[in-house]
Amino acid sequence: MSYFEDFLPGAGRKAPRAALDTDARVIDLSGPWRFRLSPTAHAPDFADPDLDDTAWELRQVPGHFGTPAYTNVRYPFPIDPPRVPGENLTGDHRIAFEAGFERAVLRFEGVDSCARVWLNGQELGYSMGSRVPVEFDVTLRPGRNVLAVRVHQWSAGSYLEDQDMWWWPGIFREVTVIERPAEPIDDVFVHADYDHTTGGGTLRVEAGEALLTVEELGVHDRPAGETITLEHVEPWSAQHPRLYEASVSNGHERVRLAIGFRTVTIEDAVLKVNGEPLKLKGVNRHEFHPVKGRALDAETMLADVLLMKRHNINAVRTSHYPPHPHFLDLCDRYGLWVVDECDYETHGFQELDWRGNPSDDPRWEQALLDRMRRMVERDKNHPSVIMWSLGNEAGTGRNLAAMAAWTRGRDSSRPIHYEGDRACPDVDVHSRMYASHAEVEAIGRGEDEDERRRAMPFVQCEYAHAMGNGPGGLAEYQELYDAHPRCAGGFVWEWIDHGLRHDRHGYAYGGDFGEVLHDGNFVCDGLLFPDRTPSPGLLDLKKVYQPLRFTEAGGVLRVEGDTAGLDLEWCVEADGVLVDSGPMEGSELKLPAGGEDERWLTVRACLAGDTAWAPAGHEVAWHQVRLTPGPDRLAGLTEGAAPAIPLFERVTPRLELWRAPTDNDQGGGLRWHWSHHGLDRLTYRTEQRQDGTIVQRVAPAATDEGYLATYTWRETTSGLLLEADLEPVGVWKVPPARLGLAFELPAELTTVTWYGRGPGEAYPDTGAAAYVGLFTRTIDDLQTPYVHPQENGQRADVRIAVLSTPRGPGVKITGDRPFGLTVRRWSTAELDAARHRTDLVAGEKVHLIVDLAQHGIGTASCGPGPLEKYRLTARPAAIRLLFEPVS
Ligand code: GAL
């Protein structure tokens, strides 16, 4: 058996230690390396420093090689541990460098999946564990040194790395050469506690024989290892990430530290930091870039942190492996609570009913402990890290217990998390994923199965699966987290779509690289689109996570929460047009009197000054109150000859009961039910009645389920009035997707202006970010670019819509009740048929759908469907719509 098919994680490696910011010389080997690809692990020798590699291609390190392949749960190779297939793509990498020093450590931040390393022809060893660092002690030569690294796509370690993401080998994080002085500071362990009852801190920095200095705290050259009691320190929190610059020095080496004081406790089943109950408003973050894969650059990491802070996210679970170490520096500096997760998942053993699962097989114990140690040792000095997670979806077993026991022994200051063992024997928090609202409520009330769990805080390590359109139900989860003290909040799944840039498809997902086994677009389930544009889901989450609460009582609006650093302003709009505005003084505002028209008061809380993460003026929170209901918009119409309406013809709408299923509709089984019941293949039988009304029976073949739609067109001096009445017929067994009136209009129309909720899309259980106002968008901009096309782009609660061309003329549509507005350049069937955005081609018509109702979105692509109150039933509905020329 080869070294990469061994249960042991490596050989020749240095013991794990903290990531340190040293004044020793560091050479970053990022850049072009010589590279040779072989189809199997048995490539010709290449470690000889004198080998002529000039004909080899140049390839960027950090980076990936080979073709990405996506599976969620299933291993893309036979389960035969620790063996791997003979088809094992192998990348040989070589680089020459000059150092100017002799004693050094060679450090790899991340190599997927196994690296074997030679320096100047001498083998140093090998290592598995893709997303944990590994180091080798080396002696360098004066002049040219040649480093040779052989990387295998598959190794025994791959069995421990079955995370739901692209499989993609490579030296995907930096390789550095770190000078070691005669007497190095090899490791540092900072213990910095905060006592919220006194405001004092306790500091102990383990660093061997060295001296500690923290200028700001008056600590000068104190022996490392001493416990220093500080009468007053400012604590670290995600909201106020106070760091103290410090250093330890032994005369040979100086290490800079950023110390944050904070204490994590669990009291009466409540998770607390610095004595305050913690509510995690979190996201699960994979490392992803649409071109670079997991080889993230510093700008992308910063972009993630800034985007999180700007969307009111205060916590990250590093699903499902330790992130690039720089990301944690940013979390310390900008303020995010972190659950740091070990690079460990064996979900594919589920296919074998967990037979032979590494979590319970002693032969894997060393490999698992090694991963845990490499994470804990590397990251132990980050104040942002408040919990260690043993891994994800790795079943149960003794090795998890060993990982937890070792961690507790090494660092008792942080609770331990692992979701995969429902009995929770080794952890400190009760964690679940995708629990329904009802389950969260029950757990919130303390109705868990046993006493052990009842004594723990509850965390949803994953909830609200952000795949495609959605997630629905965010606001209701937050209400539960807020209502129950033991609910410590949770982490939305997940931060970003892993769609890879692709010439033909725009963004590729599973199957687009010819994988035999794959899980399609399940890899695109993020709050950000692959290019990091926020999706409507992220905008909703920002609103739901906003740090202020607004309540109304007795004609007064009250703001609760910390408004320090925020400017609050109010404005009143009538039909979307500004009437009055002013600053809000204090925390209360008397609601102004209304008028005849529809009036809304909006309060906005924006940053008063620049912060590290957003400029002054950035909106943090908002709230809207309806002041007056406004008039009946269709009152007072006069019968008479209607004026001509540009670009609009009086034709009978088609009733649509189906939508292009969302990922959530698909996951919840609705796509199947809707097709089975024929909502995607309706037939229309039309009768013209003598009184001018048109009655249409709209129903699919093979059932009696359907709708009777009655339409009456009336001429008024303002325009054409359509009265639509919808009555279900037969016995309905599924919820209709929608009650939508579809119209075909000329393709010349380009622009939509509406008064209703916007500017983004909204469905019954999504759209927290959508407020009432007057908005204009082009038809193209109304489309939400979900990587896998599906229902999208509805604007909710629309009272008035105007469709026009760049020249102006067009049609104005006014409802006697708010309606859902969808305008696109393809039909529902075309939208459904598309697999990628690039399949959607503008047709010869503009398709307008006026929805009287739609079924909720939910989050059943992984998790519960829409809450009962958002489910559509086959019920009667009616609307009156006035079509007028645009004046
Ligand atoms: C969870 C898993 C995640 C992801 C998610 C679905 O079960 O922990 O890694 O697969 O489901 O997207």
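The structure displayed is predicted, hence computed values, not measured ones. (Residues numbered from 1 in each chain as written. Predicted model: local features only at pLDDT ≥ 70, side-chain atom pairs only at ≥ 80, totals over all residues. Heavy atoms only, no water.)

Caption draft 1: Here's a closer look at the overall build of the protein. When helices and strands are tallied, the protein shows eleven helices and 53 strands. Its C-alpha atoms give the protein principal-axis dimensions of about 100 × 65 × 55 Å. Burial analysis of the protein (887 residues in total) assigns 61% to the buried set. The contacts of the protein with a sequence gap of at least 6 include a subset with a gap of at least 24, amounting to 75%. A total of about 33500 Å² of accessible surface is found on the protein, and carbon and sulfur atoms cover 48% of it. (Helix = DSSP H or I, 4+ residues; strand = E, 2+ residues; numbered from the N terminus. Buried < 20%, exposed > 50% of the residue type's maximum accessible area, 1.4 Å probe, protein only. Contact = heavy atoms within 4.5 Å. Areas by Shrake-Rupley, 256 points an atom, 1.4 Å probe, with all protein chains shown as cover.)

Caption draft 2: Seen up close, the environment of Glu267. Along the chain, Glu267 falls in strand E22 (residues 264-267). On a C-alpha basis, the gap between Glu267 and Ala455 in space is 8.9 Å, while along the polypeptide they are 188 residues apart. A distance of 3.0 Å separates the side chain of Glu267 from the side chain of Thr265, its partner in a polar contact. (Polar contact = N/O pair within 3.5 Å; in protein donor to acceptor, adjacent residues only side chain to side chain.)

Caption draft 3: The arrangement of the environment of Ala593 in detail. Note on placement: Ala593 falls in the loop between strand E39 (588-590) and strand E40 (599-607). For Ala593 and Glu573, which are 20 residues apart along the polypeptide, the C-alpha to C-alpha distance reads 12 Å.

Caption draft 4: Quick look at the sheet that holds strand E32 (residues 487-492). Pairing is parallel across the open sheet formed by eight strands, whose spatial order is E29-E28-E27-E26-E25-E32-E31-E30. Looking at the sheet topology across the chains shown, the edges are occupied by strand E29 (416-417) and strand E30 (430-433). By the bridge criterion, four bridges tie strand E25 (residues 280-284) to E32 in an arrangement that is parallel. In the sheet register, Gly282 faces E32, and the bridge partner there is Phe491. (Pairing = 2+ DSSP bridges.)

Caption draft 5: Layout of the domain arrangement of the protein. For the protein, the assigned domains are domain 1 (3-179), domain 2 (189-264), domain 3 (275-544), domain 4 (549-628) and domain 5 (654-886). For domain 1 versus domain 2, the separation of C-alpha centres amounts to 35 Å. Opposite the five residues of domain 1 that make contact, domain 2 presents four residues. With both sides pooled, the region where domain 1 packs onto domain 2 buries about 480 Å², and carbon together with sulfur makes up 41% of that total. A salt bridge links Asp21 to Arg256; its shortest N-O distance comes to 3.0 Å. Taken together, the connections running from domain 1 to domain 2 amount to four residue pairs in polar contact (both at pLDDT 80 or more). (Domains from an automatic or database assignment. Buried area = accessible area lost by both parts, 1.4 Å probe. Salt bridge = Lys/Arg side-chain N within 4 Å of Asp/Glu carboxyl O.)

Caption draft 6: Region of the structure containing the sheet that holds strand E10 (residues 122-128). Spatially, the seven strands line up as an open sheet ordered E1-E10-E9-E12-E7-E4-E5, and their pairing is antiparallel. Of all the strands in the sheet, just strand E1 (10-11) and strand E5 (57-61) have a single pairing partner and so form its edges. In this sheet, E10 lies alongside E1 in antiparallel orientation, the contact comprising two bridges. Paired with Ala11 across the two strands is Tyr126, which belongs to E10.

Caption draft 7: View of helix H8 (residues 536-544). Burial within H8 is extensive, with eight of its nine residues counted as buried. Among all positions of H8, only Pro536, Gly537, Leu538, Asp540, Leu541, Lys542, Lys543 and Val544 are buried. Looking at the buried residues of H8, the elements they touch are E25, helix H1 (298-310), helix H7 (474-483), E32 and strand E41 (619-628).

Caption draft 8: Representation of the site of the ligand within the structure. In the region of the ligand, the neighbouring residues are Asn72, Asp164, His320, Asn392, Glu393, Met433, Tyr434, Glu462, His465, Trp493, Phe522 and Asp525. Separating an oxygen atom of the ligand from a side-chain N or O atom of Asp164 is a distance of 2.5 Å. When the free accessible area of the ligand is taken as 310 Å², the share hidden by the protein chains comes to 95%. Considering only residue class, the shell around the ligand consists of four nonpolar, four polar and four charged. (Near = heavy atom within 4 Å. Nonpolar A, V, L, I, M, F, W, Y, C, P; charged D, E, K, R; others polar.)

Caption draft 9: Looking closely at the side chain of Thr751. As for its placement among the helices and strands, Thr751 is situated in strand E48 (residues 751-758). A distance of 3.0 Å separates the side chain of Thr751 from the side chain of Thr750, its partner in a polar contact. Once you skip the residues sitting within four places of it in the chain, Thr751 turns out to touch Thr776, Arg777, Thr778, Ile779, Val802, Leu803 and Ser804.

Caption draft 10: Molecular detail of the pattern of salt bridges. Applying the stated criterion across every chain, the model contains 76 salt bridges. Between Glu57 and Arg59 there is a salt bridge; the shortest N-O distance is 3.3 Å. Glu57 sits in the partly exposed class, given a relative accessible area of 40%. In this structure Arg59 comes out as partly exposed when scored by relative accessible area, which is 26%. The partner of Glu447 in a salt bridge is Arg445, and the shortest N-O contact between them spans 3.0 Å. In the salt-bridge network here, residues are joined through shared partners; they are Lys14, Arg17, Arg107, Glu109, Glu135, Asp137, Arg180, Asp186 and Glu253.

Caption draft 11: Expanded view of the pairing of E40. Most of E40 is tucked away: eight of the nine residues are buried. The pairing of strand E37 (residues 566-574) with E40 spans nine bridges and is antiparallel. Bridge assignment links Val572 to a residue of E40, and that residue is Leu601. The pairing of E40 with E41 spans eight bridges and is antiparallel. Within E41, the position partnered with Trp600 by the bridge is Arg626.

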